[in-house]
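# Observations on the three-dimensional arrangement
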Amino acid sequence: MISNQILQHTIDGLKDITKIDLFVSDMEGNILANTSKEIGDLKESISGFVDSPADSQALKTNQYFKVYDEGQLEYVVVAKGDSEEAYTTGKITVFQLQNLLVAYKERYDKDNFIKNLLLDNLLLVDIFNRAKKLHIEMDARRVVYIVETSKEKDNEALETVRSLFTGSGKDFITAVDEKNIILVKGLADTDNYESLEKTAQVIVDMLNTEAMARVRVSYGTIVKDIKEVSRSYKEAKMALDVGKIFYGDKKVMAYNNLGIGRLIYQLPLPLCKMFIKEIFAEQTPNDFDEETLTTINKFFENNLNVSETSRQLYIHRNTLVYRLDKLQKSTGLDLRVFEDAITFQIALMVVKYMNYLETIDY
């Protein structure tokens, strides 16, 4: 079904050209779009016309036309006036609306196909058959982006993404849940991972300025066959999760650049618990106070440099040394020793992952 906004825009354009007022209604006679407020008793006459076998008819001072979609009556068009110009305008309107129905149906079919493709709901033979029917190129370079918005059903963000990428005809924008916009982007032979990163950053910047939306963007690896699109989607989904868990300050995450977060994300929960118990015994990083956590994070940010860390924390060097000594006594790990620092950093990431698992159905 075509949106009322598109119907209104269409007949407004035709009215500007022909100067003939137009009305579009559903089968019950409810006016969906109009170019004149003088509706009169159209509802009653439309209901009578719908029940008649005629596809077009002159009633009183108006011309009535039926708009079909594959044999199914979808709309009634009323052109105001009994002149030849009104009849011609009505026929043109019917032709335009039927073309719009075809376009919308094709767009819906493609959207449905892409969703099922992403979710692995199609057999291999169905993928190729439906892609061929929908005129979607099968052997093309593509990548999947996921745009996670800060609020559910962010239509403004969705329209902004569509305005950015639907022009080429090779890109598909859809959604499989309430918060994520999915872009299956067609790529040129010259596109590489550097250009993918730039595209992701453009999406973040545009949504921030145009739609005033705070978003995260992730993307998978480049695939060369339509059947591999679901793999790129799963990779982008994993990159989004890993980014949220371990790299909260990053707005763009690439699957091929997840670092150690990729390994920790795939660890089973029992193994994580065993590792944390081995490192911290009864105490975990969740038990540390804010001052201790700030000191640890700043120390890691400055590559274990005591002088620079104390300067940025606005504390005396001896105060920082005291805090590190205190941490060593409670955990047995000296962050000034490289091996202990690595162990501690991994342990912090494992705890973040465990905290994340507690917030979802595991």
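Please refer to the structure placed before this passage.
In this report, the structure presented in the accompanying data block is examined. (Residues numbered from 1 in each chain as written. Predicted model: local features only at pLDDT ≥ 70, side-chain atom pairs only at ≥ 80, totals over all residues. Heavy atoms only, no water.)

With their axes 12 Å apart at the nearest point, helix α10 (residues 290-301) and helix α13 (residues 338-358) run at an angle of 120° to one another. In terms of orientation, α10 lies oblique with respect to α13. For the pair α10 and α13, the crossing hand works out as left-handed. Counted together, Ile-296, Asn-297 and Phe-300 of α10 and Ala-341, Phe-344, Gln-345 and Leu-348 of α13 form the full contact between these two elements. Grouping the constituent residues of the contact of α10 with α13 by class yields five nonpolar, two polar and no charged. (Axes fitted to C-alpha atoms, helices over the stretch in contact; angles between N-to-C directions. Helix = DSSP H or I, 4+ residues; strand = E, 2+ residues; numbered from the N terminus. Parallel < 35°, antiparallel > 145°, perpendicular 65-115°, else oblique. Left-handed = near helix turned anticlockwise from the far one by under 90°. Contact = heavy atoms within 4.5 Å. Nonpolar A, V, L, I, M, F, W, Y, C, P; charged D, E, K, R; others polar.)

When helix α2 (residues 42-51) is considered as a whole, its buried residues turn out to be Leu-42, Ser-45, Ile-46, Phe-49 and Val-50. Along the axis of α2, the buried positions cluster into a sector of 140°, meaning they face one direction only. Exposed residues lying more than 90 degrees from the buried face of α2 are Glu-44 and Asp-51. Buried residues along α2 sit in contact with β1 (22-25), β2 (31-34), β3 (56-59), β4 (62-69) and β5 (72-80). (Buried < 20%, exposed > 50% of the residue type's maximum accessible area, 1.4 Å probe, protein only. Arc of directions from axis to C-beta.)

This paragraph deals with the side chain of Asn-116. With respect to the helices and strands, Asn-116 occurs in helix α3 (residues 84-118). Given a relative accessible area of 18%, Asn-116 falls into the buried group. Once residues lying within four places of it in the same chain are set aside, the contact partners of Asn-116 are Asn-121, Leu-122 and Arg-130.

Secondary-structure assignment places Thr-160 in helix α5 (residues 155-165). A polar side-chain atom of Thr-160 sits 2.8 Å from the main-chain carbonyl oxygen of Glu-156. If we skip the residues at most four places from it in the chain, Thr-160 touches Met-206, Leu-207, Glu-210 and Ala-211. (Polar contact = N/O pair within 3.5 Å; in protein donor to acceptor, adjacent residues only side chain to side chain.)

The subject of this paragraph is the packing of aromatic side chains. Taken as a whole and judged by the stated rule, the model has nine aromatic pairs. Ring centres 5.9 Å apart and planes at 55° place the aromatic pair Tyr-265 and Tyr-353 in the tilted group. Within this pair, whereas Tyr-265 is found in helix α8 (residues 260-265), its partner Tyr-353 is found in helix α13, the two being separated by 88 residues in sequence. Of the two residues, Tyr-265 and Tyr-353, both sit in the buried class. Arranged with centres 6.2 Å apart and planes meeting at 10°, the rings of Phe-288 and Phe-344 form a pair that is stacked. Of this pair, Phe-288 sits in the loop between α9 (269-280) and α10 while Phe-344 is found in helix α13, placing the two residues 56 residues apart along the sequence. For Phe-288, a relative accessible area of 9% translates into the label buried. In this structure Phe-344 comes out as buried when scored by relative accessible area, which is 0%. Grouped by ring-pair contacts, the aromatic residues Phe-280, Phe-288, Phe-300 and Phe-344 constitute a single cluster. Sitting over the face of the ring of Phe-49, Lys-66 holds its NZ or CZ atom 5.1 Å from the ring centroid. (Phe/Tyr/Trp six-rings, centres within 6.5 Å; stacked < 30°, edge-to-face > 60°. Lys NZ or Arg CZ within 6 Å of the ring centre and 35° of its normal.)

Here helix α1 (residues 4-18) is 15 residues long and its end C-alpha atoms lie 21 Å apart, about the 21 Å a rise of 1.5 Å per residue gives. The complete set of buried residues in α1 reads Leu-7, Thr-10, Ile-11 and Leu-14. Buried positions in α1, seen along its axis, are confined to an arc of 85° and lie on one side of it. Opposite the packed face of α1, turned more than 90 degrees from it, sit the exposed residues Gln-5, His-9 and Asp-16. A positive backbone phi angle near 65° is found at Lys-19, which sits one or two residues after α1. (Expected span 1.5 Å × (residues − 1).)

A word on the nonpolar core. Ranked by size, the top nonpolar core spans 38 residues in total, and within it Phe-246, Ile-296, Leu-335, Phe-344 and Tyr-353 carry the most contacts. Breaking this core down by element, the ones donating at least two residues are α7 (229-246), α8, α9, α10, α11 (306-313), α12 (317-331) and α13. With 11 residues, the single largest contributor to this core is α13. Ignoring sequence-local partners within four residues, the contact set of Leu-335 consists of Ile-296, Phe-299, Phe-300, Leu-304, Leu-324, Leu-327, Asp-340, Ala-341 and Phe-344. Judged by nonpolar contacts, the second largest core, of 24 residues, contains Tyr-145, Leu-158, Phe-165 and Ile-181. (Core = buried A, V, L, I, M, F, W, Y, C linked by side-chain atoms within 4.5 Å.)

In this structure the tally under the stated criterion is 16 salt bridges. Put simply, Glu-228 and Arg-231 hold a salt bridge, and the shortest N to O gap is 3.7 Å. For Glu-228, a relative accessible area of 27% puts it in the partly exposed group. Asp-334 is the salt-bridge partner of Arg-336, the closest N and O atoms lying 2.9 Å from each other. Residue classification places Arg-336 among the partly exposed positions, given a relative accessible area of 31%. Taken together, the shared-partner salt bridges in this structure form one network comprising Glu-228, Arg-231 and Glu-235. (Salt bridge = Lys/Arg side-chain N within 4 Å of Asp/Glu carboxyl O.)

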